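Chain by chain, the residues run as shown.
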Amino acid sequence: MMADKKIVLFDLDGTLIDTAPDMYLALSILLNEEKKKMVSYDLVRTQVSNGVLGIFSVAFSDDPEIEGDRYERYLDIYESILGQKSVLFDNVSQLLDSLDSRGIDFGVVTNKSSRFTIPLLSQFDLLGRIKTLVCGDEVKNRKPDPEPLFKALDKTENSYNSSNVYYVGDAEKDITSARAADIRSIACTYGYRDPNDDPKSWKSEFIINNIMRVNEIV
């Protein structure tokens, strides 16, 4: 019977939680400190799935220092305002309640560091509900490598047939990771994409524009 058990793993930023407003606020504070020109929220939002390096690529295109003091300062600012403006995406709570009611496990696999992930999950009362969690600082190889997904499954108390494991993400690296791990992939289109980045090109098994559609797939 346990072989029939299902689990849905989720990316965090851009899939479960809309963290872009916090990340933009932190950037605005940093740009103000450095007396640099502000950049648009819409532009920064397209880069959130690419982390700080993606954000810096558009914010400091004329001065692309991505490591060192600026990088650390940004992380410190972000930590200080973490969760102030973040919200769950539409229907996330309803979906997780539904998965619970159906006896389907769920977890989170993110490239975000534990330093930020754990407080965010706690803020939205998700930390105690998930069966497994893997953050970027827990693995040698982050997504698009499959290592984080393998680690997430290793940390669970159950065994799952690969056909009953799903990964939901809003970036191509999420789908690449799922495909490499030989589990089922679900691409969501509502996250942090550049308009020119077509989810159809990611070769996911499913594409959804509303997270509640996971219920129809799993």
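Heads up: the structure comes first, above all this text.
Predicted model only: the values in this text are computed from it and were never measured.

**Details of the nonpolar core**
1) Next: One finds Val8, Phe10, Leu27, Tyr74, Tyr78 and Val214 to be the most contacted residues of the largest nonpolar core, which totals 55 residues.
2) Next: For this core, the element with the most residues is helix α1 (residues 20-33), which contributes seven residues.

**Some remarks on the packing of aromatic side chains**
1) Next: Enumeration according to the criterion identifies seven aromatic pairs in this entry.
2) Next: With centroids separated by 5.0 Å and ring planes inclined at 55°, the aromatic side chains of phenylalanine 89 and tyrosine 190 adopt a geometry described as tilted. With a gap of 101 residues between them, phenylalanine 89 in the loop between β3 (87-88) and α5 (92-101) and tyrosine 190 in the loop between β7 (184-188) and β8 (206-208) connect regions that are remote in the sequence. Like phenylalanine 89, the residue tyrosine 190 is buried in the burial classification.
3) Next: Relative to tyrosine 192, the ring of phenylalanine 89 lies with its centre 6.3 Å away and its plane at 55°, an arrangement referred to as tilted.

**Quick look at the packing of helix α4 (residues 69-81) against helix α6 (residues 114-123)**
1) Next: Close contact between α4 and α6 brings their axes to 11 Å; oriented N to C, the two are set at 10°. With respect to their mutual orientation, α4 and α6 come out roughly parallel. For the pair formed by α4 and α6, the contact residues are Leu75, Asp76, Tyr78 and Glu79 on the first element and Arg115, Phe116 and Leu120 on the second.
2) Next: Residues of the contact of α4 with α6, tallied by class, amount to four nonpolar, no polar and three charged.

Calculation criteria
Residues numbered from 1 in each chain as written. Predicted model: local features only at pLDDT ≥ 70, side-chain atom pairs only at ≥ 80, totals over all residues. Heavy atoms only, no water. Core = buried A, V, L, I, M, F, W, Y, C linked by side-chain atoms within 4.5 Å. Buried < 20%, exposed > 50% of the residue type's maximum accessible area, 1.4 Å probe, protein only. Helix = DSSP H or I, 4+ residues; strand = E, 2+ residues; numbered from the N terminus. Phe/Tyr/Trp six-rings, centres within 6.5 Å; stacked < 30°, edge-to-face > 60°. Axes fitted to C-alpha atoms, helices over the stretch in contact; angles between N-to-C directions. Parallel < 35°, antiparallel > 145°, perpendicular 65-115°, else oblique. Contact = heavy atoms within 4.5 Å. Nonpolar A, V, L, I, M, F, W, Y, C, P; charged D, E, K, R; others polar.

Coordinates in, geometry out; function isn't part of it.
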